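Each chain is listed here by its residues.
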Amino acid sequence: MEAAAATIVTGFVLGGMYALVAIGLTLQYGVARIMNLAYGEFVVAAAFAALWLFTSLGVSPLLGLVLVMPLAFLANWALYRVFLTPLVRRAPDAGALETDSILATFGLLFVVQGVMLAIFGGAYQSYSYLSVPVQVLGATITANRLVALAFAAVIGGGLWFLLAHTRMGTAVRAVAVNPAAAPLVGIDMARTAALAFAVGGAVVAAGGVLVSTFLTFNAAMGMVFTMKALVVVIMGGVGNLMGCLVAGLLLGLTETLVASFVDPGLTLAATYGLFLLVLILRPAGLFGVAAR
Amino acid sequence: MNSTITRRGALGAAAAALAAPAVRAQGAPSAVRIGYAISKTGPNAGGAAITTIPNYEMWVKEVNAAGGLRLGQARVPIQVTEYDDRSVSEDTVRAAERLVNQDRVDFVLPPWGTALNLAVAPILNRAGYPHLASTAVTDRAPELGRRWTNSFWMLGTGSGAGAGLVEVLAPLKQQGRIGDTVALVSVADGFGIELANGMRPAFQRAGFRLTYDRSYPVGTQDMAPILAEAARGNPEVFVACSYPPDTLAITEQARVSGFNPKVFYTGVGTAFPLYKQRFGAATEGVMGVGGVDASSQRFQDYLRRHVASAGREPDRWASAITFASLEMLQQAIERVGRIDRAAVIRELQTGSFDTVIGPVKLQNNLLTDLWQVGQWQGGEFYGLMPLNKQGAKPAILPKPAWPAA
């Protein structure tokens, strides 16, 4: 019994990390309609920023969040305004924008990766921060993973509050649900989309900073995060925050349960099996709305 | 999207093209053109950046600072043509063909990793270029050395490294210093599989019992459940045939959960300077694949030069062997005294060489005298096995408790 409880706690912590890494993408893809293939590169860039702040300047990663998140917000805002707005303007419909943004961000992926390689080289990086054991219901978990889980909850909850209870948030949801009708009720599409993209970017950066405290990473690892985030976002329903959290937790739990009670070799199979099942039963994702 | 050509590479190629006619006229060429494709991006970049690239760059720098390679009476500087293979075997193959056929380099240095070395081996064989595979570990090495007589396999075999660990542990078990229970986890990929396959029969022969034996997929991000299951049987020996990110994650998880078996062994990455930097005093007693003879003056000198050249330490497994392979190539070329690849291959097959890992003489195109098992002792990763090799240290046992973070 105790072993089962410990396994579930471990699964929740892993799932929280998946959700954290995917929340940003659901905003960027679901609201701003930008399928950002360079997403994982931004996770890794934030991880490098945290590494650099911590090892060179002695700034703790949690303090680093305060620095990195606003910077990422501005950078992503500028990115959307300068680089992606022309694509949005010329795209005749959402499908075309998706294709264009995939191509454009695929190029961006190599630019960001190249810059990181030039600055930091290709070697693996890792540092030790808050890696002290904490006992939770019989599971031994490092404090840094718990902190990441807590932040995932805070960021997820905060975003949910903003989306559900503020005027701006309602506008963002309107754009996510029906981009064609949103301007009819006086929503500034361009501004709302840019905002969602930038907030998404800031959340990505938070994810990168937090996972850097416990994962070993290098400049070439972005694709791993992009893939995981994509699975979580599509499983949860594109643009749906709650779906993102639930899908992330579900994946984390599945992987941990399979690794503990079946065979660690089958975790990937279980992940993609679950993904497939969701896609067959609910093609729009767990919380998704069926396509118009 | 295709192999990128670095500025230096392009310059080198251009200069080489201009210089080519002069070479033929004089006899002694104006430059020795050396080419390589290496993983600057993609999943192999982490390994290549630690083990291979710094050694290639340092070797070229040192040779050219001395005036170049000695060909007969003349000193001839090295010119480098470099490509990024993006960790993709198709790109590696294309780059190797380009280096041989278009750039017409005099010698090709190998890519990083087993898979890419296997990919270029037939091309280098057909073109008659020496192939010093210093970062490839495969159980097929003896067979490959026979099939492609131009190829030299410098990092042993996975099963050799696996059996090596049991060779260290078996006498300790006989003396009653460790029990017979072993928990084994392995990454389900090339080297992890071979290492584990080498260990299982050897453990069995030596009378050990496997209480846990599971593999996990590449890129597994949370080792907690696996380690919890492995620790459940309270094994005396814990072995992880792991890759660098997992090696760090497994060590971290073992440390925080206080799982401290008498023998703690992790795979690739244990010998990385990053491992020491990350875990500091907690590395004490951790065993892994590789090792160095840190008491040797040659190694200390190499260490110092590597830090000065690359700004960081070499790893304690394939780094020094990679540099030794370059020294061997250099000595073979200088003994032949001209760009004669067939003669250089013959020299590599039969000659004895003086290198940073000591004197080297290949056996049937294989480096057989190398460290299979190492252990962190006092901040250095010493070789433990072969037990009678110069510089071998006795194992620290049991592994001391993890210090508090």
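Residues numbered from 1 in each chain as written. Chains lettered and ligands numbered in written order. Predicted model: local features only at pLDDT ≥ 70, side-chain atom pairs only at ≥ 80, totals over all residues. Heavy atoms only, no water.

All names here are of chain B. Membership of the largest hydrophobic core comes to 113 residues, with the highest contact counts inside it found for Trp59, Leu169, Phe238 and Val239. The element that contributes the greatest number of residues to this core is helix α12 (residues 318–336), accounting for 11 residues. Residue-level mapping places this core at the junction of two domains, with at least three residues from each of domain 1 (9–156 + 318–360) and domain 2 (158–292 + 372–385). Those residues in contact with tryptophan 59 that sit more than four places away from it in its chain are Ile34, Leu69, Ile78, Phe323, Leu326, Glu327, Leu329 and Gln330. (Core = buried A, V, L, I, M, F, W, Y, C linked by side-chain atoms within 4.5 Å. Buried < 20%, exposed > 50% of the residue type's maximum accessible area, 1.4 Å probe, protein only. Helix = DSSP H or I, 4+ residues; strand = E, 2+ residues; numbered from the N terminus. Domains from an automatic or database assignment. Contact = heavy atoms within 4.5 Å.)

As a further point, take the domain arrangement of chain B. Residues and elements named next belong to chain B. For chain B, the assigned domains are domain 1 (9–156 + 318–360) and domain 2 (158–292 + 372–385). Distance from the C-alpha centre of domain 1 to the C-alpha centre of domain 2: 33 Å. Between domain 1 and domain 2, the contact holds 5 residues from the first and 5 residues from the second. Both sides together, the interface formed by domain 1 and domain 2 hides about 530 Å², and carbon and sulfur atoms give 58% of it. Together, Ile50, Val137 and Asp139 form the three largest contributors to the area buried by domain 1 at its contact with domain 2, with a combined 75%. On the surface where domain 1 and domain 2 come into contact, there are 0 salt bridges. In this assembly, domain 1 and domain 2 are joined by 3 residue pairs in polar contact (both at pLDDT 80 or more). Class assignment of the residues belonging to the side of domain 1 that touches domain 2 gives a composition of 2 nonpolar, 2 polar and 1 charged. (Buried area = accessible area lost by both parts, 1.4 Å probe. Salt bridge = Lys/Arg side-chain N within 4 Å of Asp/Glu carboxyl O. Polar contact = N/O pair within 3.5 Å; in protein donor to acceptor, adjacent residues only side chain to side chain. Nonpolar A, V, L, I, M, F, W, Y, C, P; charged D, E, K, R; others polar.)

Mapped onto the secondary structure, Asn76(A) falls in helix α3 (residues 61–90). With near-sequence residues (within four places) excluded, Asn76(A) lies in contact with Gln28(A), Phe197(A), Ala198(A), Gly201(A) and Ala202(A).

On to the pattern of salt bridges. Pairs can form between side chains of opposite charge whenever their charged atoms are close. All names here are of chain B. For the coordinates displayed, the defined rule picks out 27 salt bridges over all chains. A salt bridge links glutamate 229 to arginine 232; the nearest nitrogen and oxygen atoms lie 3.0 Å apart. Here arginine 232 and glutamate 229 lie together in helix α8 (residues 224–232), a separation of 3 residues that amounts to about one turn. Using a relative accessible area of 15% as the deciding quantity, one classes glutamate 229 as buried.

This part takes up the packing of aromatic side chains. Scanning all chains against the criterion turns up 19 aromatic pairs over all chains. Aromatic side chains Phe73(A) and Trp77(A) sit 6.4 Å apart centroid to centroid with 25° between the ring planes, which places their arrangement in the stacked category. Taken together, the residues span about one helical turn, with Phe73(A) and Trp77(A) both in helix α3 at a distance of 4 residues. When its relative accessible area of 27% is taken as the criterion, Trp77(A) is described as partly exposed. Taken together, a centroid distance of 5.6 Å and an interplanar angle of 35° make the contact between Phe191(B) and Trp317(B) tilted. Note that Phe191(B) is positioned in helix α7 (residues 190–205) and Trp317(B) in the loop between α11 (297–310) and α12, a separation of 126 residues in sequence. In terms of burial, Phe191(B) and Trp317(B) fall into one category: buried. A network of ring pairs unites the aromatic residues Phe238(B), Phe259(B), Phe264(B) and Trp402(B) as a single cluster. Against the face of Trp402(B) rests Lys399(B), its NZ or CZ located 3.5 Å from the ring centre. (Phe/Tyr/Trp six-rings, centres within 6.5 Å; stacked < 30°, edge-to-face > 60°. Lys NZ or Arg CZ within 6 Å of the ring centre and 35° of its normal.)

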